[in-house]
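# Analysis of the macromolecular model
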Amino acid sequence: MIGSRNLSRQFSRSAVVQAIASAGPISRASLSKQIGLSKQTVSEIVSDLENEGWITETGRTTGHVGRTATTYKLVPDAAFVCGVDLGGTKVRTAIIDLTCTVVAELTESTDAQGGIEVARQIGRLCRKTAANAGVDWSKVMFATVGVPGVPDQKSGSVRMAPNIGKIGDMDFAGALENELGFAVQVENDVNLAAIGEQWSGCASEVDNMAFVSLGTGIGAGIIVGGQIIRGAMGAAGELGFLPFGADPFEPGSLKTGALERQAGSFGMINRYAQLAGKEVQVKDLFDLAVAGDEHANTVLDETARLVARLIATIGAVVDPSMVVLGGSIGQRHELQKRIEVALAACFPNPINIKRSALGDHAALVGGAAVGLAHLHHTIFAAGLNNVEIDLPQLSAPAWRGIA
């Protein structure tokens, strides 16, 4: 009976905090009405939260007939999380407060030595980011690190990450925790991008969607029923290995992936060289296509058809209502219309295709969502796994409106 009361109390505590986070400043009476708890229960929880330093009074209600009431909001600097987006060339870090506000961000080139040196770099950069915002490091409680590969939850290593050396041969997650001094969740960066777009991007109104990243590599983060799909080994969404594009039975397709060999940036560069007899960079391909270059337009048309087949494959398997295109190639508007035309020609069901609203910050936003949900679970719901955390959207205006 005591355990049951404690469980109920944790659910109620979590509900009160989420209501304050979403609707604050808010009074006790309004909290009671909004979440369906008795005024006495709400008052007790609010008093506890205020005494613990998680919420504070903001003033009193105005514009109402009768007595005024004290209103409350979360204390923004009561706790923080780190979001990290680790790429082959750059690493980004951000510090996010309890009210889902980004307070600082830094970017620098990824340490070419890889392995433990990258873990040390992330530790140093996170601490520097916090210091730049005047954040006491003791208040930073969790980090989510997005990686361009498949995290192994047992060994802590990161598989299929060829652009960052040595992290597949070590306990990378453990090294990060040693450097930061608290718990770390390592997650595939495209999965985080999907979570970011659903939380605070262009897919916030849908529960079934896919984020398709097109660049040097090709991958997808797939959300079904509001949940990210990881698969048995964490490799769900490695769509660069779909068996079309290049010959899937060639040895090279086991390493890079048949589709990625053809539709990734190097495949596009190689195809243009075949047609035009010269090599250009991917960004130049788009400029040439706009200028009317026949060969560049052929490359974009062929790439769009391959991506349309990729999206049709996702559509046939999980039936998403939206596909968000990201990555250095996926965000280019020159591709979107071509993909839409090709998809309509090869797949009968409509799929809404959009370009990322968060751009190259999508994975960082997703990391913030995962970190803040973990924080709320740990602090306010005593780690109860069956408590659903509904966070307000991230406050980082400079990251939005890119597409």
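Anyway, here's the lowdown on the structure attached to this text.

Conventions adopted
- Residue positions are counted from 1 within each chain, in the order its sequence is given.
- Per-residue local features of the predicted model are confined to residues with pLDDT of at least 70, and side-chain atom pairs are confined, for both listing and counting, to 80 or more; whole-chain, interface and lining totals are unaffected and use all residues.
- Neither water nor hydrogens contribute to the side-chain values; these are computed over all heavy atoms in the structure.
- Put simply, DSSP marks the helices as runs of H or I at least four residues long and the strands as runs of E at least two long, and each gets a number from the N terminus on.
- Here the globule rule is a power law, 2.2 Å times the number of residues to the power 0.38, and the radius of gyration is based on C-alpha atoms.
- Relative accessibility under 20% of the residue-type maximum defines a buried residue, over 50% an exposed one, and the middle range a partly exposed one, all with a 1.4 Å probe and only protein chains included.
- In this description, contact between two residues means that some pair of their heavy atoms is separated by no more than 4.5 Å.
- Throughout, the Shrake-Rupley method with a 1.4 Å probe supplies accessible areas, and for residues the shown protein chains are the sole cover considered.
- Positive charge is attributed to Lys and Arg, negative charge to Asp and Glu, and no charge count is given to His or to the chain ends.
- Charged side chains are reduced to one point each, which is NZ for Lys, CZ for Arg, CG for Asp and CD for Glu.
- Two strands are said to pair when DSSP picks up at least two bridges between them.
- Lines fitted to C-alpha atoms define the axes here, with helix axes fitted over just the stretch in contact, and angles between the N-to-C directions of these axes take values from 0 to 180 degrees.
- As used here, the term nonpolar core means buried Ala, Val, Leu, Ile, Met, Phe, Trp, Tyr and Cys residues forming a set that is joined through side-chain atoms within 4.5 Å.
- One less than the number of residues in a helix, times 1.5 Å, gives the span that helix is expected to have.
- To obtain the arc, one takes the directions from the helix axis to the C-beta atoms.
- Put simply, a salt bridge is a Lys or Arg side-chain nitrogen that is within 4 Å of an Asp or Glu carboxyl oxygen.
- Note on ring pairs: Phe, Tyr and Trp rings are taken, using the six-membered ring of Trp, and paired if centres are within 6.5 Å. Classes follow the plane angle, with under 30 degrees stacked, over 60 edge-to-face and the rest tilted.
- Both a distance and an angle decide whether a charge sits over a ring: NZ of Lys or CZ of Arg must be within 6 Å of the ring centre and within 35 degrees of the ring normal.
- What qualifies as a polar contact is a pair of N or O atoms within 3.5 Å, subject to a donor-acceptor requirement within protein and to the restriction that residues adjacent in sequence count only when both atoms come from side chains.

If you tally the helices and strands in the protein chain, you get 14 helices and 15 strands. Scaling as 2.2 N^0.38, a compact globule of 403 residues should have a C-alpha radius of gyration of about 22 Å, and the protein chain matches this with 23 Å. Each of the three principal axes of the protein chain carries a C-alpha extent, and together these read 80 × 45 × 40 Å. The buried share of the protein chain, taken over its 403 residues, is 50%. If you take every contact in the protein chain between residues at least 6 apart in sequence, the share linking residues at least 24 apart comes to 61%. Approximately 18,400 Å² of the protein chain is accessible, and the part contributed by carbon and sulfur atoms is 50%. The distance from the centre of the 33 positive side-chain charges to the centre of the 40 negative ones in the protein chain is 5 Å.

Bringing the sheet that holds strand β1 (residues 26-27) into the picture now. Spatial strand order, β1-β3-β2: three strands in an open sheet with antiparallel pairing. Strands with a single pairing partner mark the edges of an open sheet, and in this sheet they are β1 and β2 (55-60). Two elements, β1 and strand β3 (residues 70-74), share two bridges in a ladder whose sense is antiparallel. Counted as the bridge partner of Ile26 is Tyr72 from β3. Across the sheet, helix α3 (residues 39-52) touches β2 and β3, and the angle it forms with β2 is around 110°.

Further remarks concern the nonpolar core. Trp54, Trp199 and Leu394 are the most contacted members of the largest nonpolar core, which has 57 residues in total. Elements represented by at least two residues in this core include exactly α1 (2-23), α3, β3, β5 (90-97), α6 (189-200), β11 (209-214), β14 (322-326) and α14 (362-380). The element best represented in this core is α14, accounting for 12 residues. Those residues in contact with Trp54 that sit more than four places away from it in its chain are Arg13, Leu49, Lys73, Leu74, Val75, Ala78, Ala79, Leu98, Met141, Ile379 and Phe380. By size, the runner-up hydrophobic cluster in this structure holds 40 residues, among which are Leu214, Ile314, Leu335 and Phe347.

A word on the sheet that holds β14. With mixed pairing, five strands are arranged side by side in an open sheet as β13-β12-β11-β14-β15. Of all strands in the sheet, those bounded by a partner on one side alone are β13 (227-228) and β15 (352-355).

This brings us to α3. Given a rise of 1.5 Å per residue, 14 residues ought to cover 20 Å, and the 20 Å separating the end C-alpha atoms of α3 matches this to within 8%. Within α3, burial applies to Val42, Ile45, Val46 and Leu49. Mapping the buried residues of α3 onto a view down its axis gives an arc of 100°, with all of them on the same face. Across α3 from its buried face, at more than 90 degrees, point the exposed residues Gln40 and Asn51. Just beyond α3, the residue with positive phi is Gly53, at close to 90°.

One pass over the structure, following the stated rule, counts 13 salt bridges. One salt bridge in this structure joins Arg120 and Glu117, with 2.9 Å as the shortest N-O distance. Placement of the pair is Arg120 and Glu117 together in helix α4 (residues 115-132), with a separation of three residues, close to one helical turn. For Arg120, a relative accessible area of 41% gives the class partly exposed. What emerges from the salt-bridge pattern is a single network uniting Arg9, Glu44 and Asp48.

With that settled, consider the packing of aromatic side chains. In this structure the tally under the stated criterion is two aromatic pairs. Between Trp54 and Phe380, the aromatic rings sit 5.4 Å apart at their centres with planes inclined by 80°, giving edge-to-face as the arrangement. Pair noted here: Trp54 is in the loop between α3 and β2 and Phe380 is in helix α14, with a separation of 326 residues, a long-range link. Here Trp54 falls in the buried class, since its relative accessible area comes to 13%. Ring centres of Trp137 and Phe182 lie 5.5 Å apart, and the angle between their planes is 35°; on these two criteria the pair is classed as tilted. With Trp137 in the loop between α4 and β7 (140-147) and Phe182 in the loop between α5 (172-180) and β10 (184-188), this residue pair connects regions lying 45 residues apart in the sequence. Trp137 sits in the buried class, given a relative accessible area of 17%. Across the ring face of Phe244, the terminal group of Arg309 is positioned such that the distance to the ring centre comes to 4.3 Å.

It is worth spelling out the side chain of Ser200 at this point. One can find Ser200 in helix α6. With a relative accessible area of 2%, Ser200 lands in the buried category.

All right, on to the environment of Ser32 then. Within the element layout of this structure, Ser32 appears in helix α2 (residues 28-35). Here the alpha-carbon distance between Ser32 and Val42, two residues 10 residues apart in the chain, equals 6.2 Å. Aside from chain neighbours lying at most four places away, what touches Ser32 is Leu37, Ser38, Lys39 and Val42. One polar contact links the side chain of Ser32 to the main-chain carbonyl oxygen of Leu37, over a distance of 2.5 Å.

Taken across its five residues, β14 has five buried, putting it largely inside the fold. Where β14 meets β15, four bridges bridge the pair, whose relative direction is parallel. Bridging from a neighbouring strand, Leu325 pairs with Arg355 of β15.

Shape is all these values report; function is a separate question.
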